[in-house]
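In case you want the letters, here they are:
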Amino acid sequence: MPSSLLPGRIYYEGPPASGGGGAGSGVGSTKIARKNNISRIANTLARYVVLVLLLFEHRRGNCLMSNSVEDWVSGSAVVCNGIPGLTKEQRELCHRNPDVTVAALQGLQMAILECQHQFMWHRWNCSSLTPSSRTQQSSVLLQRGYRETAFAYAISAAGVAHSVARACSMGKLLSCGCDPSSYKAKPSAKARGTQWKWGGCSHNLDYGMEFSKQFLDTREKAGDIQSTVNLHNNQAGRLSVASNMQVRCKCHGMSGSCELKTCWKVVPDFRVVGKMLKDRFRNAVLVAQSNLGSVTPLARARGSRRRRPDRQRQRQKHRERGAGRKRKPRDLAKQLFYYQKSPNFCEKDQHADIPGTTGRRCNKTSSAGDGCGSLCCGRGYNVVRQRRTERCKCNFHWCCYVQCQNCTVEEWITVCK
């Protein structure tokens, strides 16, 4: 190597360009710089790819240990393998319809919140149910035949059907859209005298009920009384949504004259479904398994306690007064079935998945189910002072935000011993 060349540097060697030696060395330097830029960009991209893969694996690991729907769902993609407790059929359904599974899981979350609202002042307050325990049936209560079990299955199936039906009409799902069957229905008797037609985008309840059946009913295959009752209660929950479908209309015409109405069908507010299932929980039907494998309602559906003589006389008088009227029989397809007597849910029992009522808030002036006498199971109650922070003195500022202050409120409450 010539002494004029310094070690550690790269020099261009080759025939000189037609324009002279100086121009040729400039082209060589440009090529070398371009190669260096390409290798630098490749190294940077490789680092980013490794970082993304590490974040994805960390996210997937967290999902496997979480009970939260938000942790299972990332945008519109579902990590189906991260949802605990799914059967093979449910996982295959999830892979085929990941977006619909998102809506189904959100429906389960909505159902559990509604269950906790309806049983807020009961000894069993639905606190042990989570989306994870509902999908994998890990809760002991879900493996029993209590009234509470019947309500849990019914409200879950109703929540999945309700959520999927709404998601279809909102354009969130690829496999369904507006309900096409609603446009073929005839107008109601009240609307036949006016200019009226089906329009808008009706909630696709048929698709929602079908997906709810595929997602939840696939677990019940044994054919015993438990599976038969669970399937019945699932369907009763879905029917509670179907029987409360509502019609919404929009007027068209000059200055709101409503010369023409466009109407569509929507699922009811889920609070309506929760109240209906709560009523059916109170009047649940006790059943027993026959030799043929089907379940048959027992004559005494409300327990085996004997009625008082005075109540029997009152009932006899009512029967005599209404002898000419026929009593409408109950539609058993919409009723909740149970086959085991419920425990009192008073004391904590981890093996039976019963949290107990110790520490629960109660109403000391009430004689109903929320009263301390009933909710505390005779153990008595303590009066404690509670301090909480709530928003107060809210003002609207133009335009457009609301500004509030945080106020500390102290109050005396009663909790069960």
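Shown above is the structure to which this text applies.
Reference entry: report on the structure contained in this document.

Here is what the cut-offs are and how they apply
- Every chain's residues receive numbers from 1 upward, in the order its sequence appears when written.
- Residues qualify for local features only when their pLDDT is at least 70, as the model is predicted, and side-chain atom pairs are given and counted only at 80 or more; totals for whole chains, interfaces and linings, by contrast, use all residues.
- With hydrogens and water excluded, all non-hydrogen atoms of the structure serve as input to the side-chain values.
- Numbering of helices and strands starts at the N terminus; helices are DSSP runs of H or I of at least 4 residues and strands are runs of E of at least 2.
- Multiplying 1.5 Å by the helix residue count minus one yields the expected span of that helix.
- Burial here depends on accessible area, computed with a 1.4 Å probe over protein chains only, as a share of the maximum for the residue type. Under 20% is buried, over 50% is exposed, and the range in between is partly exposed.
- The rule for pairing is simple: two strands pair if DSSP sees at least two bridges between them.
- Axis definition: a line fit to C-alpha positions, over the contact stretch in the case of helices; interaxial angles, taken between N-to-C directions, run 0 to 180 degrees.
- Between 65 and 115 degrees an angle is taken as roughly perpendicular, under 35 as roughly parallel, over 145 as roughly antiparallel, and anywhere else as oblique.
- Working rule for contacts: check all heavy atoms of both residues, and any pair within 4.5 Å makes them a contact.
- Gly falls in the polar group here, along with every residue not listed as nonpolar (Ala, Val, Leu, Ile, Met, Phe, Trp, Tyr, Cys, Pro) or charged (Asp, Glu, Lys, Arg).
- Put simply, a salt bridge is a Lys or Arg side-chain nitrogen that is within 4 Å of an Asp or Glu carboxyl oxygen.
- By definition, no residue in a patch forms a salt bridge, and every one has over 30% relative accessible area; like charges are joined within 9 Å, nonpolar side chains (Val, Leu, Ile, Met, Phe, Trp, Tyr) within 5 Å.
- Accessible surface area values rest on a Shrake-Rupley calculation with a 1.4 Å probe, where residue burial reflects the displayed protein chains alone.
- Note on ring pairs: Phe, Tyr and Trp rings are taken, using the six-membered ring of Trp, and paired if centres are within 6.5 Å. Classes follow the plane angle, with under 30 degrees stacked, over 60 edge-to-face and the rest tilted.
- Working rule: Lys NZ or Arg CZ, within 6 Å of ring centre, within 35 degrees of ring normal, means a charge sits over the ring.
- Polar contact is the term for a pair of N or O atoms within 3.5 Å; when the atoms are in protein, one must be able to donate a hydrogen and the other to accept it, and sequence-neighboring residues count only if both atoms are side-chain atoms.

1. What about helix 8 (residues 225–242)?
- With 18 residues, helix 8 extends 26 Å from end C-alpha to end C-alpha; this agrees with the ideal 26 Å at 1.5 Å per step.
- Residues of helix 8 that are buried: Ile225, Ser227, Val229, Asn230, His232, Asn233, Asn234, Ala236, Gly237, Arg238, Ser240 and Val241.

2. Observations regarding the pairing of strand 6 (residues 285–289)
- Pairing between strand 6 and strand 8 (residues 337–338): 2 bridges, direction parallel. Bridge assignment links Leu286 to a residue of strand 8, and that residue is Tyr338.

3. Let's talk about the packing of helix 4 (residues 98–118) against helix 7 (residues 205–216)
- Helix 7 packs onto helix 4 with a crossing angle of 80 degrees between their chain directions and a minimal axis gap of 11 Å. When the interaxial angle is binned, helix 4 and helix 7 end up roughly perpendicular. Note on element contacts: helix 7 touches helix 4 through Tyr207, Phe211 and Phe215, opposite Val100, Thr101, Ala104, Leu105 and Leu108.
- Among the residues forming the contact of helix 4 with helix 7, the class breakdown is 7 nonpolar, 1 polar and no charged.

4. Details of the sheet that holds strand 6
- Strand order in the open sheet formed by 3 strands is 7-6-8, and the pairing between neighbours is mixed. At either margin of the open sheet sits one strand with a lone partner, and together these are strand 7 (295–297) and strand 8.
- In the sheet, strand 6 pairs with strand 7 via 3 bridges, with the strands oriented antiparallel. Following the sheet pairing, Gln289 is matched in strand 7 by Val295.

5. Concerning the pattern of salt bridges
- Scanning the model with the defined rule gives 8 salt bridges in all.
- The salt bridge involving Arg379 is made with Glu347; its shortest N-O contact spans 3.3 Å. Residue Arg379 is located in the loop between helix 11 (372–375) and strand 10 (381–397), and its partner Glu347 is located in the loop between strand 8 and strand 9 (361–362); the two are separated by 32 residues in the primary sequence.
- Given a relative accessible area of 49%, Glu347 falls into the partly exposed group.
- Among the salt bridges present, the one from Arg388 reaches Glu390, with a minimum N-O distance of 2.6 Å.
- Assessed through its relative accessible area of 33%, Glu390 is described here as partly exposed.

6. Details of the sheet that holds strand 11 (residues 401–416)
- Pairing within the open sheet is antiparallel, and its 3 strands lie in the order 9-11-10. Across the chains shown, the open sheet's two edge strands, defined by having one partner strand only, are strand 9 and strand 10.
- Note: strand 10 against strand 11, 15 bridges, orientation antiparallel. Bridge pairing links Arg387 to Glu410 in strand 11.

7. A look at a nonpolar patch on the surface
- A cluster of nonpolar residues, Tyr381, Val383 and Trp412, forms a patch on the protein surface that exposes about 340 Å² of accessible area.
- Relative to the helices and strands, Val383 resides in strand 10.

8. Describing the packing of aromatic side chains
- Tallied over the full model, the rule gives 5 aromatic pairs.
- An angle of 70 degrees between the planes, with centres 5.1 Å apart, marks the rings of Phe119 and Trp124 as edge-to-face. Both residues of the pair, Phe119 and Trp124, count as buried.
- Relative to Phe215, the ring of Phe211 lies with its centre 6.0 Å away and its plane at 10 degrees, an arrangement referred to as stacked. Highlighted residues: Phe211 and Phe215, both in helix 7, separated by 4 residues, approximately one helical turn.
- Following the ring pairs from residue to residue traces out a cluster consisting of Phe119, Trp124, Phe151 and Phe281.
- Positioned over the ring face of Phe119 is Lys278, at 5.0 Å from the centre of the ring.

9. Overview of the environment of Ser202
- With respect to the helices and strands, the residue Ser202 is situated in the loop between strand 3 (196–198) and helix 7.
- Polar contacts involving the side chain of Ser202 include one to the main-chain amide nitrogen of Lys265, which spans 3.0 Å.

10. Points about unusual backbone geometry
- Backbone torsion omega between Trp398 and Cys399 reads -15 degrees, so that peptide bond is classified as cis.
- Mapped onto the elements of the fold, Cys399 is located in the loop between strand 10 and strand 11.
- Omega for the peptide link from Cys399 to Cys400 comes to 15 degrees, which places this bond in the cis form.
- The backbone of Asp353 sits at a positive phi, close to 60 degrees, despite the residue not being glycine.
- Assignment of secondary structure puts Asp353 in the loop between strand 8 and strand 9.

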